[in-house]
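The primary structure of each chain is shown beneath.
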Amino acid sequence: MDTIPLVHASLGDRELAAVAEVFASGWPAGQGPRGAALEARLTERYGVGDAVAVSNCGAALHLALLALGVSPGDEVIVADYTFPAPAHAVRYVGAVPVFADVRADTGTVDPQAVADLIGPRTVGVIAVDTVGLPADYAELTSITERYGLFLVEDAACAVGATYRGRPAGALAPIGCLSFHGRKGATSGEGGALLTTDPAHAADARLRSSFGIGSIFEQAKVVGLPIPVFTDVGYNYKLSDIAAAILQVQLDRVEELLERRRAVAARYAERLAGEDLLTLPHVPADRTHAWQSYLVTLDPRVDRAGLAADLRAQGIGAGHGTWACHRQPVYEAKQQCPVSADLFARNLAIPMHAELTMTQVDRVAEVLRGALRTHARPHGTQEGAA
Ligand SMILES: *Cc1c(COP(=O)(O)O)cnc(C)c1O
């Protein structure tokens, strides 16, 4: 049986060769020449003021909130339907995440829900490009500017996506990228903070390396200047090994995205007219990075049974992402009914750049069959005998 995994990282010989070069250079750690070159390339690619290469997107979000001066007791409005990294980052700095519900059609944060949650302690908003689809930045920007709030874009899943012709990651004054193995461009683990404000970048870069500048650069200085520590920083540096891998991945990002787009288009064709699920919706003013492919199941479908069936037939399946307000860690008293509904009904099916059209067709066919097996007939009640 052909097994079709849910995700697969496209890493190959070119990335291996780049790693071999780093080994030969003698500088595998962070903030070396490869890291600096990656930062220059990201700054150029995104047309931002500066880019800071970091160990992961969670670190980028943490550094963003530190640079913005978020303090204990502050409230930060976060998109609810997402991997919980934004809300975790808010908690790292002792602030309170306030969960905003999402649009039913896109899963991205609902700008009206954001506006409704603004209160005296609100300092900013973290929007998320849900599984690779950019949020409504025109509306979000007008709201945050009107109330003097910061806006951070969590573009962890959205490398290669666009919104009104602009690249995801550069749709807010600070954008955070992930290069984790399940994202569209990867070095295993990795991330970046992009910002229009060079002062925020300088702050983030310093705090990403224990609060002192690049050791690699200092070794080149004549004499023996000894750096001083004036603040407590973290070790959030991206290794030069990872930076070298990412140079290759950025060369390939369009090619890899093209293949994900072809997979999405084929699913849309093969699953068209299936009344037990809703296909993902991409508004006309933006493009999707297809980090995941989520379908929304009809309420009559038993998702757990369906997913177990797909897995038994060698096809990867997942629940999609999380309704953060439902996670026990936050003890949130809020309701985000749309997010809760997507959390209950979404299903992730295989999406990566190495899928063949034969595999995609098989997923669609098995899924159509399994939907019939795991749906209650029309008119029956949930829990009815
Ligand atoms: C994956 C993900 C993150 C975390 O990225 P890491 O690089 O693993 O820290 C953050 N936000 C969102 C929306 C994600 O999907």
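Below or above, wherever it landed, is the structure these notes cover. (Residues numbered from 1 in each chain as written. Predicted model: local features only at pLDDT ≥ 70, side-chain atom pairs only at ≥ 80, totals over all residues. Heavy atoms only, no water.)

Right, let's talk about empty space enclosed by the protein for a bit. Considering all chains together, one arrives at two cavities of 30 Å³ or more under this definition. Reported here for the largest cavity is a volume of approximately 90 Å³. Around the largest cavity, the lining is made up of 16 residues, and of these His 8, Ala 9, Ser 10, Lys 183 and Arg 260 lie nearest the centre. Split by residue class, the lining of the largest cavity holds six nonpolar, seven polar and three charged. Two domains each put at least three residues into the lining of the largest cavity: domain 1 (13-250) and domain 2 (253-373). Here the second largest cavity defines a volume of roughly 50 Å³. Lining the second largest cavity are Val 159, Gly 184, Ala 185, Val 253, Leu 256, Leu 257, Arg 260 and Ala 289. When residues of the lining of the second largest cavity are assigned to domains, at least three fall in each of domain 1 (13-250) and domain 2 (253-373). (1 Å grid on protein atoms, 1.4 Å probe; cavity = no way out; pocket = protein on both sides within 12 Å on 5 of 7 lines; lining within 4 Å. Points joined across faces, edges and corners; volume = space filled by probe spheres on them. Nonpolar A, V, L, I, M, F, W, Y, C, P; charged D, E, K, R; others polar. Domains from an automatic or database assignment.)

At a minimum axis distance of 7 Å, the contact between helix H2 (residues 33-46) and helix H9 (residues 240-270) shows a crossing angle of 30°. With respect to H9, the element H2 is oriented roughly parallel. Between H2 and H9 lies a crossing whose hand is left-handed. Contacts between H2 and H9 involve Pro 33, Arg 34, Gly 35, Ala 37, Leu 38, Arg 41, Leu 42 and Arg 45 from the former and Asp 240, Ala 243, Ala 244, Leu 246, Gln 247, Leu 250, Asp 251, Val 253 and Glu 254 from the latter. (Axes fitted to C-alpha atoms, helices over the stretch in contact; angles between N-to-C directions. Helix = DSSP H or I, 4+ residues; strand = E, 2+ residues; numbered from the N terminus. Parallel < 35°, antiparallel > 145°, perpendicular 65-115°, else oblique. Left-handed = near helix turned anticlockwise from the far one by under 90°. Contact = heavy atoms within 4.5 Å.)

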